[in-house]
Amino acid sequence: MAVRFVFQKGDMLQVNIKAFDQHKKPVERFCAKKMDIVLVPEVINPQFSFLVDALIGLPTKGIFEFDYNVKSSQQEKNDKKPEKPVHPEKQESIPLHFQVEVINYQPFQTTHAQSRMLEYKKQYEAREKTIELQDKQIKHLESQLKQAVADIKKAKEAKVVERFVVPKEEIEKAQRYALQKFIEDFVAPYGTLKMAIAAGEKSESTEVKNYLFGFNMVLNMLKNTLENNGVFEFTPDLNTEFNPETSKIIEQLEDFDQPNNTVIKVTQSGFRLYDRVIKPALVIATKNPNAFQQSSDEESNDTDVNENNDATQSE
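Conventions and cut-offs
Residues numbered from 1 in each chain as written. Predicted model: local features only at pLDDT ≥ 70, side-chain atom pairs only at ≥ 80, totals over all residues. Heavy atoms only, no water. Helix = DSSP H or I, 4+ residues; strand = E, 2+ residues; numbered from the N terminus. Buried < 20%, exposed > 50% of the residue type's maximum accessible area, 1.4 Å probe, protein only. Contact = heavy atoms within 4.5 Å. Areas by Shrake-Rupley, 256 points an atom, 1.4 Å probe, with all protein chains shown as cover. Pairing = 2+ DSSP bridges. Axes fitted to C-alpha atoms, helices over the stretch in contact; angles between N-to-C directions. Phe/Tyr/Trp six-rings, centres within 6.5 Å; stacked < 30°, edge-to-face > 60°. UniProt positions renumbered as here; feature names shortened; annotations may be inferred.

Draft legend 1. Region of interest: the overall build of the protein. For the protein, the helix and strand inventory stands at 7 helices and 10 strands. Buried residues in the protein amount to 21% of all 315 residues. Contacts in the protein between residues at least 24 apart in sequence constitute 65% of all its contacts with a sequence separation of at least 6. Surface summary for the protein: the accessible area is close to 24100 Å², and the carbon and sulfur share equals 53%.

Draft legend 2. Here's a closer look at unusual backbone geometry. The phi dihedral of K34 falls on the positive side, at around 50 degrees, and the residue is not glycine. As for its placement among the helices and strands, K34 is situated in strand β2 (residues 32-38). On the accessibility criterion, K34 (60% relative accessible area) is exposed. Positive phi outside glycine occurs at Y274, with the angle close to 55 degrees. Along the chain, Y274 turns up in the loop between β8 (270-273) and β9 (276-279).

Draft legend 3. Fine view of the sheet that holds strand β7 (residues 263-268). In space, the 3 strands of this open sheet follow the order β6-β10-β7, with mixed pairing throughout. In the strand order of this sheet, the two ends are held by β6 (247-254) and β7, each with one partner. For this sheet, the mean inter-axis angle between neighbouring strands, taken without regard to orientation, is 30 degrees. Note: β6 against strand β10 (residues 281-287), 7 bridges, orientation parallel. Looking at β10, one finds that S247 is bridged to A281.

Draft legend 4. Geometry of the packing of aromatic side chains. Summed over all chains, the structure comprises 9 aromatic pairs. Pairing Y211 with F215 gives two aromatic rings, centres 6.4 Å apart and planes at 25 degrees, and the pair type is stacked. With a gap of 4 residues between them, Y211 and F215 both fall in helix α6 (residues 206-228), about one helical turn apart. Look at F215 and you get partly exposed, because its relative accessible area is 41%. Grouping aromatic residues by their ring pairs yields a cluster made of F30, F48, F66 and F98.

Draft legend 5. Region of interest: the UniProt feature "coiled-coil region" (unreviewed entry) in the protein. Mapped onto the present numbering, the UniProt feature "coiled-coil region" (unreviewed entry) falls at residues 124-158. Within the segment residues 124-158, helix and strand shares are 97% and 0% respectively, and the terminal C-alpha atoms sit 51 Å apart.

What follows is the structure in structure tokens.
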């Protein structure tokens, strides 16, 4: 970088200033000691703004002198209090002699570089703090990880295994009815085989009877297998009241002698897995019209009795 030998705009100075009038008397208003100034009109004290024009271009020596005309109001010149403020255009110029001693001098480039260096230093310090904080966080996470690994190792050594505990009753229930879906699908062909054997027993053919003998053996084996697994075949008793929990009515026949919903025929047996009905028995039950009439009469009588009671109470 080339060395400059004259003051330029933007330079920073620290100066001692002395000002003298034509009679070589100090003008205190324009005197100052160790005053910091920047050779920029917008920055410097307005009272000394003339120094910008006066100093720029002068050689950068330690002490120098120059004459400069500064404006002063008539009030300042005569030390009298005017009746009205003096308009700036009517202010007079007073020639003053200045002695300026430069105590410290920093060129604009140096000042700018120092400012940038200060900015970089602040950024560096901020990054250092961020890195330091991140290092602390990493160390904390590493400590937590080591603790977690130690806990896992300790748990393995102690053979600690967390298990979900299922109530014993639920386990037994699940085991007991695990075959329900299979049995529901199995009883249909089982019933068909049983019906086919029953139909074949009506035949007088020797060949058919020989086949039936083998089929009955297979049927008994299947029945024993089902019972060994908790599946039991049941048949509702005839002339008993229909039970909707174990049977299903597929047809009703009118019968004036039997009570309503009396089982008179079983078309297909039902199956029970332990105490749970998995296939209801198919039955034919009675339908007694008199039972419906009797029920209607009883309801009518109950209504009449209630009306009579209400009338008696109102009287």
